[in-house]
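Read off the chains here:
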Amino acid sequence: MHTPRFLPRASVALAALAALALVVGASVAAPSPVAAETPGNVAVATGEHAPDVAVSYVPPWNSAAALNDGASRPTDNLSAMWGTWGISPAPDTDVATYTWDTPVTVSASTLYLWQNAGVGDGGVRIPAGWSLEYQDAAGEWEPVSGDDVAYPLPAFDPAQPKTSLAPVSVAFDAVTTRSLRLILERQVVDGSPHATSVIEWEVTGFAAPDEPDPDPSDGFVAAEDVAVRTLTGVLPILPTRVWVIGADIPLQDIPVTWDAVSTANVAQPGTFAVSGRVDGYDAQTVEATVFVADELSQTMTSIDYTSVITAPGVAPVLPATVRVAFDDGTAASGVPVTWDAISADAYADAEAMFDVSGTVAGFSAGALATVFVVAPVDQTTPLVSIAFDGAPEGSGWYITAPKATVTAQKTASDLRSIEVSLDAGATWRPYTEPVAVDGQGEVTVLARATAVDGAVGEARASAKIDTVAPVTRDTVEVVDGVSAVVTLSPTDAEPGSGLARTVWSDGPDADPAGASNNMFATYEKPFSVELTDAPRYVHIRSQDAAGNEEPTRTITLPSRTATPALEIEASATTRLIAGKAYVIATAKNTDDVAMDLVVTTPYGSKTFTGVGPGRSVSVSVNSRATTIPAGQVHVKATAVVDGREVTAEKTADYRAL
C-alpha cells in the first residue's frame, strides 16, 4: 500500500472503533522473514543520504569526519580516526551521533577500533563496553533491542600495544529512525577513564520511505499496492476492488475503475503503471504496477510484510491477499493468504504489539503481519506537536540554532489558525513554516492551534541551545628575558552551557597542528615557557559543555634576550709584613653601572657595596702564617641592569711566599 510507515494517532482517534487496518509494503523472503530492500552501509559519507556527524569531543589531531569516510583499513594515522584523548576532566563515556536527513531502517552496526595502550603515554584503550541508541518519533533516545543483541569487544594483544583492532559487530531488531548514537564506555585503569578511538563506524540499513502524514480530509490516506503479472501480448486482468483506508473510516474493500490498457503496453517484456479511481474518491487515484514477461515463473522469493492497526478489544482485520515477488523479477498482489488464529487476549490492551504468521501456498516461509493495538483518543481540541530538526549533541545541547516544526491536526472541527511563540507566550505569530529558534540557554517554544469551533490545542517543547563559543584572554609576563609566564582567562557568554575546558600547546611552529609542537594539555594554572633564540608560540582554545570550540588562537612569545655582561678587573699579590704573609686583592669596576663586589681569598673575604663606575677597591688579608703557597682570589660583581639582576665573576692568581 502507498502509505506512511506510521499512522497518525489522530487518524486512529477519528476512525470508527471497528477494525482499523493499515498494510505497509516491506518483504518476507525465504527461508525466514527479512526486509526486501538490500541493506548497505547507510552511514558512509559518500552515500545518497549521508548523515551529519556529531561527537562529544575530538582533539585537533583526530577527525570526527573520519568516522564515516569509508576507510576502515588498519592505520596509525591519527587524522584518519575519531579519538577522544585530552579532554579534562575525563568523562566516563564518549558519544558519537549520526543524524540523517531522511528516516533510515537500520539493523546492524560495525566498529573498527584503535588503541595504543602500553606505548609511551598511550592513553587510548579498548572501551570497557559499547552500545547503540536510536531516537524515536517522540525525540527520546531508546536502546536498540533484540533477542540476541550483544556488543563484542576485540581482544587486547600485548604483542601489539599500538594497533588497529579487528572489527566488532552487533545485530538488532530493525528500527526506523533519523538519529543513531554510539556510546563508548571508557575503560578505567588506576582510577582514570582512558580515551577511545574509532577508525570507522558502519551502520547497516536502508533509506525508509519518508512520506508525510496524510492531511485529514474526506479522502483516503492509504491504498493497496496493486501488482499484476501477464505474458507478452496478453492484456492484464486488473482487480475490480482494492483496499483503501480513509481518514475517518476503517479499512474497506471498494470497487475501482482502471484506465484503459492497450496492446502496445504489453507488446514486450517490462513494467508499466496503470492509474485507477476508487468509488467515492474522485479526487484521488490508486496505481497498479503491471509486469510483462515472456514466461512467468511460479517460484516465489518474498512476500510483502504487513502492518495492521486496531483498537483495544477489536479483532484486527488482516488482508485476504498479499503481494508476492517471484524469481523472474515480477510481482503479484491478490495472492491468497491464510492467517493464524488470533487470541482475543493479544489485542485486549492498548499499546500492545504482536506478530501473526500466515500460510501462502507454494511459499514455505509464509507471510508475516504485525498488529499494533492503539487506543482511540477522545479528542475535541486540535492535536498539536512540536519537533526540532536534527538532534542535539551528545551533551544534550544544540550548537546550531534548530528549527521548530509545528504540526496541527483537526479533530471535531476544522482548523482556523496555527500560532507559535518564542517568548513564553508574551507574543504570538502565525505559523507558516518551520521557525528558527535562535535564543540561548534553555529555550521553550509554545504552539497553539485554534479550531473553527473555538477549541484550542496547545503544545510546548524545550531545547538547550548554545551557539556561542567561549573566548580565552591571556596575559604574558616575560621573566629575566629567558622565560614567559602565561595566564589564561577563559569565559563563556551567559546563558551558555558553561566552560568545559581550556587547552594549550607550545612549540616552535606557528601552525597549531605543527608536528614539532608539544601535544595539547589541559590548562589548570599559569604556566612557564622557556624562551629560545627564535620566537616561540603558544596555541590556546576553550570549549564549552555544549561542544562549541573557539578557533585556536596563537600567542607569539619574544625571542630570548641576551644576558648583559658586567665589566670588572681583578688582581692579587703577596707580601710579608711583620713576619706574616699577606694576600692583597684588588677589584675594579670598569663598567658604567654601580655594582656590589665581593672579594674572596683563601684566608677571608670582604663585601663592597655601591662601587661606582671606574672605582677600585682593595683588601689585605693576613694569612697568620710566615709562608703561603700560590693561589687565587675570586671577585664576584652584582648589579641591576634594565630591571634584571646580573652577575659577573673574575679570578686573579698570586705567587707563593
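Scroll up a little and you will see the structure.
Reading the values: the criteria
Throughout this description, residue numbers start from 1 for each chain and increase along the sequence as written. Predicted model: local features are reported for residues with pLDDT of at least 70 only, side-chain atom pairs are reported and counted for 80 or more only, and whole-chain, interface and lining totals are derived from all residues. Side-chain numbers come from the whole structure's heavy atoms, not from hydrogens or water. Secondary structure elements are taken from DSSP: a helix is a run of H or I of four residues or more, a strand is a run of E of two residues or more, and numbering for both begins at the N terminus. Summary of the burial criterion: residues with accessible area below 20% of their type's maximum are buried, those above 50% are exposed, and those between are partly exposed, where the area comes from a 1.4 Å probe applied to protein chains only. For the area figures, the Shrake-Rupley method with a 1.4 Å probe applies, and any residue is considered shielded solely by the protein chains shown. By the convention used here, strands pair only if DSSP detects at least 2 bridges between them. Here, the term nonpolar core denotes a set of buried Ala, Val, Leu, Ile, Met, Phe, Trp, Tyr and Cys residues that are joined through side-chain atoms within 4.5 Å. Any two residues whose heavy atoms approach within 4.5 Å at even a single point are treated as in contact. Centres within 6.5 Å are what make two rings of Phe, Tyr or Trp a pair, Trp counting through its six-membered ring; a difference in plane orientation under 30 degrees is then read as stacked, over 60 as edge-to-face, and the rest as tilted. Criterion for a charge above a ring: Arg CZ or Lys NZ at most 6 Å from the ring centre, at most 35 degrees from the ring normal. Two N or O atoms count as a polar contact when they lie within 3.5 Å, although within protein this holds only if one can serve as hydrogen donor and the other as acceptor, and sequence-adjacent residues are included solely when both atoms are side-chain atoms. By convention in these notes, a salt bridge is any Lys or Arg side-chain nitrogen within 4 Å of a carboxyl oxygen on Asp or Glu.

1. Digging into the overall build of the chain
When its secondary structure is counted, the chain shows one helix and 47 strands. Per-residue burial over the chain gives 44% buried out of 657 residues. Counting every atom, the chain has about 31200 Å² of accessible surface; 50% of that belongs to carbon and sulfur.

2. Quick word on the sheet that holds strand S28 (residues 403-409)
What the three strands build is an open sheet, ordered S26-S28-S31; its pairing is antiparallel. This sheet does not close on itself; its edge strands, each paired only once, are strand S26 (383-388) and strand S31 (435-436). Inspection of the sheet shows S26 paired to S28 by six bridges, in the antiparallel sense. Note that in S28 the partner of Ser385 across the bridge is Thr407.

3. Observations regarding the nonpolar core
Counting 29 residues, the largest nonpolar core has Leu67, Leu111, Trp130, Leu132, Val198, Trp201 and Val203 as its most contacted members. Counting residues per element, the ones that place at least two in this core are strand S5 (93-115), strand S6 (129-135), strand S9 (168-185) and strand S12 (197-207). The residues touching Leu132, leaving out its near neighbours within four places in the chain, are Ser109, Glu142, Pro143, Val144, Tyr151, Val170, Phe172, Arg181, Leu182 and Trp201. Judged by nonpolar contacts, the second largest core, of 25 residues, contains Phe608, Ile628, Ala648 and Tyr654.

4. What about the packing of aromatic side chains?
For the structure on display, the rule yields nine aromatic pairs. Both rings, one in Trp61 and one in Trp85, keep their centres 6.0 Å apart while their planes meet at 50°; by these two values the pair is tilted. Taken together, the residues span a long stretch of sequence, with Trp61 in the loop between strand S3 (52-55) and strand S4 (82-83) and Trp85 in the loop between S4 and S5 at a distance of 24 residues. Through a chain of ring-to-ring contacts, the aromatic side chains of Trp61, Trp85 and Phe520 assemble into a single cluster. Directly above the aromatic system of Phe326 lies the positively charged group of Arg229, at a separation of 3.6 Å from the ring centroid. A cation over a ring is seen here: Arg541 above Phe520, with NZ or CZ 4.4 Å from the ring centre.

5. A short note on the side chain of Glu133
Structurally, Glu133 is set in strand S6. Of the polar contacts made by the side chain of Glu133, one reaches the side chain of Arg181; its length is 2.8 Å. Excluding anything up to four places from it in sequence, Glu133 contacts Trp141, Glu142, Pro143, Val144, Ser179, Leu180, Arg181 and Ile183.

6. Focus on the pattern of salt bridges
Scanning the entire structure with this criterion turns up 11 salt bridges. Linking Glu133 and Arg181 is a salt bridge whose minimum nitrogen-to-oxygen distance equals 2.8 Å. In this pair, Glu133 sits in strand S6 while Arg181 sits in strand S9, placing the two residues 48 residues apart along the sequence. The exposure class assigned to Arg181 is buried, which follows from its relative accessible area of 16%.

7. As for the pairing of strand S33 (residues 456-465)
A one-sided burial pattern is seen for S33, the buried positions being Gly457, Ala459, Ala461, Ala463 and Ile465 and the unburied ones Val456, Glu458, Arg460, Ser462 and Lys464. Pairing geometry for strand S27 (residues 397-398) and S33, over two bridges, is parallel. Across the sheet, residue Tyr398 finds its bridge partner in S33, namely Ile465. Bridge count between strand S32 (residues 441-451) and S33: 10 bridges; the pairing is antiparallel. By the bridge assignment, Thr444 is partnered in S33 with Ser462. Connecting S32 to the next strand, S33, in antiparallel fashion are four residues, including Gly454 with a positive phi near 95°.

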